[in-house]
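Structure at a glance
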Number of protein chains: 2
Amino acid sequence: MTTQAVIAIHGGAGTILRSALSIEAESAYHAALEGILEAGQRILADGGSALDAVTEAVRLLEDCPLFNAGHGAVFTAAGTHELDASVMDGATLEAGAVCCVTRVKNPVLAARRVLDKSEHVLFTGEGAEAFAAAQGLEFVDPAYFHTEARHRQWLNARGVQGTMLDHDAASMDARDEGPNEPIDPDKKFGTVGAVARDAHGHVAAATSTGGITNKQPGRVGDAPLIGAGCYANDATCAVSTTGTGEMFMRMLAAYDVSARMEYRGATLEQAAAEVVMERLPRIEGRGGLIAVDAKGNVTLPFNTEGMYRGFARVGDTPVTAIYR
Amino acid sequence: MTTQAVIAIHGGAGTILRSALSIEAESAYHAALEGILEAGQRILADGGSALDAVTEAVRLLEDCPLFNAGHGAVFTAAGTHELDASVMDGATLEAGAVCCVTRVKNPVLAARRVLDKSEHVLFTGEGAEAFAAAQGLEFVDPAYFHTEARHRQWLNARGVQGTMLDHDAASMDARDEGPNEPIDPDKKFGTVGAVARDAHGHVAAATSTGGITNKQPGRVGDAPLIGAGCYANDATCAVSTTGTGEMFMRMLAAYDVSARMEYRGATLEQAAAEVVMERLPRIEGRGGLIAVDAKGNVTLPFNTEGMYRGFARVGDTPVTAIYR
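Residues numbered from 1 in each chain as written. Chains lettered and ligands numbered in written order. Predicted model: local features only at pLDDT ≥ 70, side-chain atom pairs only at ≥ 80, totals over all residues. Heavy atoms only, no water.

**What about the interface of chain A and chain B?**
With 43 residues of chain A at the contact, the number on the chain B side is 43 residues. Interface of chain A and chain B: buried area, both sides summed, is about 3,800 Å²; carbon and sulfur atoms make up 59% of it. For chain A, the biggest contributors to the area lost against chain B are A:Glu119, A:Arg250 and A:Tyr263; these three give 20% of the whole. For the pair chain A and chain B, the interface holds two salt bridges. A salt bridge links A:Arg279 to B:Glu262; the nearest nitrogen and oxygen atoms lie 2.7 Å apart. (Contact = heavy atoms within 4.5 Å. Buried area = accessible area lost by both parts, 1.4 Å probe. Salt bridge = Lys/Arg side-chain N within 4 Å of Asp/Glu carboxyl O.)

Have a look at this one:
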């Protein structure tokens, strides 16, 4: 059974309280995750590559306004949207990523074109948009990324900005101990991602995000960084992360799962659990990750209250979940 | 002796042919490296931190027109300069970086301010410059980065651009075998960096670059990426890399040295040699790195013809070298 093709996705982690999410909202998340898993399943069932399956799943997550990526991305402090995405192919170790794009409809497709068509791995800002335009990708007016729900979150964040930044600074300080969670961390943990293992035994990963609500323009998190928010290697695993981005960058969270498997012989589940439950908490890193290995094992650990997530083996019914 | 404070620096790796470098030019490189090592030594001898020593050494490397960083940075395809830098503190695992800045005199000082003053790790483009301006850092007219030597290199690169891009694409293709070196790879391997171990047993690393001659605007290499071009952890080592940036990104070259020490018990020298001589060549990765560990061991491996490099223990005469 572990040789089946499989796809897993996430839509962000954080303090997702049952009391804060209506039955209707909960159903909408489950339905969205399930539909996207089914789209990935179809690609894998048809013999498609893990790389194509994760690219398509993340494209659909970007298009869904429930998640913080593409349409539905959060606002920066300047009231704009800056989007980041990455993709990696475990078969070739090739990778592509873009950061700080503002008009590319699907950042993950731009990342994929970087992987397919460029000798480079990462493009930022206007250079990334020039590359995407030369590749004929679809551009949108920045207003496309605007949704009412994210706009309200942004206005709320601005209302408490002074306090928020102060408390943020404190909670980011590894020397500061004890609980210190003045704001809803949900606003900060929005990322989407997918990992897959195809029928040929190859793995791939993709990640995309709008970043942090009210972030300073130009801030780049872990999502577009190979080894931090995204990593894939047929010899070990494929990983997509979501959480307090800076901590995942400092810990090379995605690659660390792979390194623990390769250098210590850890299983996928052990390696992922060590990174999420032991390594990241050392520097107050909060969030989770999804990972598959070349044998088709899947693990979805997180150290927060919840993580929008799911996985689907070809031929099986998709499984979706939100809380622990 | 291994408990001494020590600093190591590099000024890029590549095909540095003895025949191509005059005696005068060679002496100029040795003198520049020696002077910068002495400045780092003084900080360490006075009980200064490894973090301060690497920041200052890279600031001086940026100011020296011989090296591709700061004043003396290469030109982009648009005839501009886009600069990247990063710094990491092994004592706290805190990190700071900027990419694609065009007017900050010393990108490494902007990276250091991100580490010291921001909850974030990486800023790009105008957002990075806005942060640097708010921090009171020195700005220059972009013409400051212009040097005659780099301008000539750029004109040469543009003259063969079509060919160069074709051959580049081929040589970047891991499936393409055999030697394929149509252009002087020196133009592509320019990066500067420093690593140090201070009297308190802490390590730190810093890296800075102007990137690749005639690069597409917006291309970001390994230099500003934690784990790719720069990494520091008191528990293992501090690393700064230089080479074909994309391969170092895909291999997480800097962090991989640390992972091999932590998870497999490799020595600093073994781990660094494995990454440079075995791991990177698998995907045609060329270049080198400098690394120190908390015991004060130093290693400077490279898989190219040469690497501008040197190290200095407090109390000893600096050692500098260019060729194998």
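Alright, that's what it looks like, and here's the rest.
**What about the nonpolar core?**
The tendency in soluble globular proteins is for nonpolar side chains to be buried as a group. Of all hydrophobic cores here, the largest spans 100 residues; its most connected members are A:Val257 and B:Val257. Every residue in contact with B:Val257, bar those within four places of it in the chain, is listed here: B:Cys237, B:Val239, B:Ala271, B:Ala272, B:Val275 and B:Leu289. (Core = buried A, V, L, I, M, F, W, Y, C linked by side-chain atoms within 4.5 Å. Buried < 20%, exposed > 50% of the residue type's maximum accessible area, 1.4 Å probe, protein only.)

**Thoughts on helix H8 (residues 253-264) of chain A**
Residues and elements named next belong to chain A. For H8, built from 12 residues, the straight-helix expectation of 16 Å at 1.5 Å per residue is met to within 8% by its first-to-last C-alpha distance of 16 Å. Burial analysis of H8 places 10 of its 12 residues in the buried class, the great majority of the element. Of the residues making up H8, those classed as buried are Ala-253, Ala-254, Tyr-255, Asp-256, Val-257, Ser-258, Ala-259, Arg-260, Met-261 and Tyr-263. Gly-265 sits one or two residues past H8 and shows a positive phi near 70°. (Helix = DSSP H or I, 4+ residues; strand = E, 2+ residues; numbered from the N terminus. Expected span 1.5 Å × (residues − 1).)

**Some remarks on the sheet that holds strand S4 (residues 122-124) of chain A**
Adjacent strands of a sheet pair through backbone hydrogen bonds, lying either parallel or antiparallel. Spatially, nine strands are ordered S13(A)-S12(A)-S1(A)-S5(A)-S6(A)-S2(A)-S3(A)-S4(A)-S7(B) in an open sheet, and the strand pairing comes out mixed. The outermost strands of the open sheet, each flanked by one partner alone, are strand S13 (319-323) of chain A together with strand S7 (219-220) of chain B. Pairing geometry for strand S1 (residues 6-14) of chain A and strand S12 (residues 306-313) of chain A, over seven bridges, is antiparallel. Its bridge partner lying in S12(A), A:Ala8 is registered against A:Phe311. Contacting S1, strand S5 (192-197), S12 and S13 of chain A, helix H1 (residues 23-45) of chain A runs over the sheet at an angle of about 145° to S13(A). Of the strands in this sheet, strand S3 (94-101) and S4 of chain A touch helix H4 (residues 125-134) of chain A, which is tilted by about 115° from S4(A). (Pairing = 2+ DSSP bridges. Axes fitted to C-alpha atoms, helices over the stretch in contact; angles between N-to-C directions.)

**Re the sheet that holds strand S9 (residues 237-243) of chain B**
All names here are of chain B. Taking strand neighbours across the sheet as the criterion, the four strands line up as S8-S9-S10-S11 in an open arrangement whose pairing is antiparallel. With one partner strand each, in any of the chains shown, strand S8 (230-232) and strand S11 (298-299) form the two edges of the open sheet. Strand direction decides the pairing type here: S9 and strand S10 (residues 287-293), joined by seven bridges, are antiparallel. In the strand pairing of S10, Ser-240 is matched with Ile-290. In the packing of helix H8 (residues 253-264) onto the sheet, the strands contacted are S8, S9 and S10, and the crossing angle to S9 comes to about 145°. Along the sheet, helix H9 (residues 268-279) makes contact with S9, S10 and S11, crossing S10 at roughly 165°.

**Focus on the pairing of S12(A)**
Residue and element names in this part refer to chain A. For S12, the tally of buried residues reaches seven of eight residues, placing the bulk of the element in the interior. Relative to S13, S12 runs antiparallel, the two sharing four bridges. Residue Gly-306 lies in a different strand from S13, and its bridge partner there is Tyr-323.

**Description of the packing of H8(A) against helix H9 (residues 268-279) of chain A**
All names here are of chain A. Where H8 meets H9, the axes come as close as 9 Å, and the angle between the chain directions of the two elements is 130°. With respect to each other, H8 and H9 are oriented oblique. Considering how the two elements wind past one another, H8 and H9 form a crossing that is right-handed. Contact residues: H8 offers Ala-253, Asp-256, Val-257, Arg-260, Met-261 and Arg-264, while H9 offers Leu-268, Ala-271, Ala-272, Glu-274, Val-275 and Arg-279. Considering only residue class, the contact of H8 with H9 consists of seven nonpolar, no polar and five charged. (Parallel < 35°, antiparallel > 145°, perpendicular 65-115°, else oblique. Left-handed = near helix turned anticlockwise from the far one by under 90°. Nonpolar A, V, L, I, M, F, W, Y, C, P; charged D, E, K, R; others polar.)

**A word on the pattern of salt bridges**
For the structure shown, the criterion picks out 22 salt bridges over all chains. Residue A:Arg219 pairs with A:Glu246 through a salt bridge whose shortest N-O separation is 2.9 Å. Taken as a pair, A:Arg219 in strand S7 (residues 219-220) and A:Glu246 in helix H7 (residues 245-251) lie far apart in primary sequence, 27 residues in all. A:Glu246 shares its class with A:Arg219; the two are buried. Sharing partners across several salt bridges, the network here consists of A:Asp256, A:Arg260, A:Arg264, A:Glu274, A:Arg279 and B:Glu262.

**Here we look at the UniProt feature "binding site: substrate" (unreviewed entry) in chain A**
All names here are of chain A. If you check UniProt for "binding site: substrate" (unreviewed entry), the listed places come out as Arg-219, Val-220, Gly-221, Asp-222, Thr-242, Gly-243, Thr-244 and Gly-245 in our numbering. With respect to the helices and strands, Thr-242 occurs in strand S9 (residues 237-243). Taking relative accessible area as the criterion, Thr-242 reaches 1% and is therefore assigned buried. A distance of 3.4 Å separates a polar atom in the side chain of Thr-242 from a polar atom in the side chain of Thr-191. For Gly-245, the position within the fold is in helix H7. By relative accessible area, Gly-245 is classed as buried at 3%. (UniProt positions renumbered as here; feature names shortened; annotations may be inferred. Polar contact = N/O pair within 3.5 Å; in protein donor to acceptor, adjacent residues only side chain to side chain.)

**A few points about H9(A)**
Across its 12 residues, H9(A) extends 15 Å between first and last C-alpha, which sits within 8% of the 16 Å expected from 1.5 Å per residue. Residues of H9(A) that are buried include every one of A:Leu268, A:Ala271, A:Ala272, A:Glu274, A:Val275, A:Val276 and A:Arg279, and no others.

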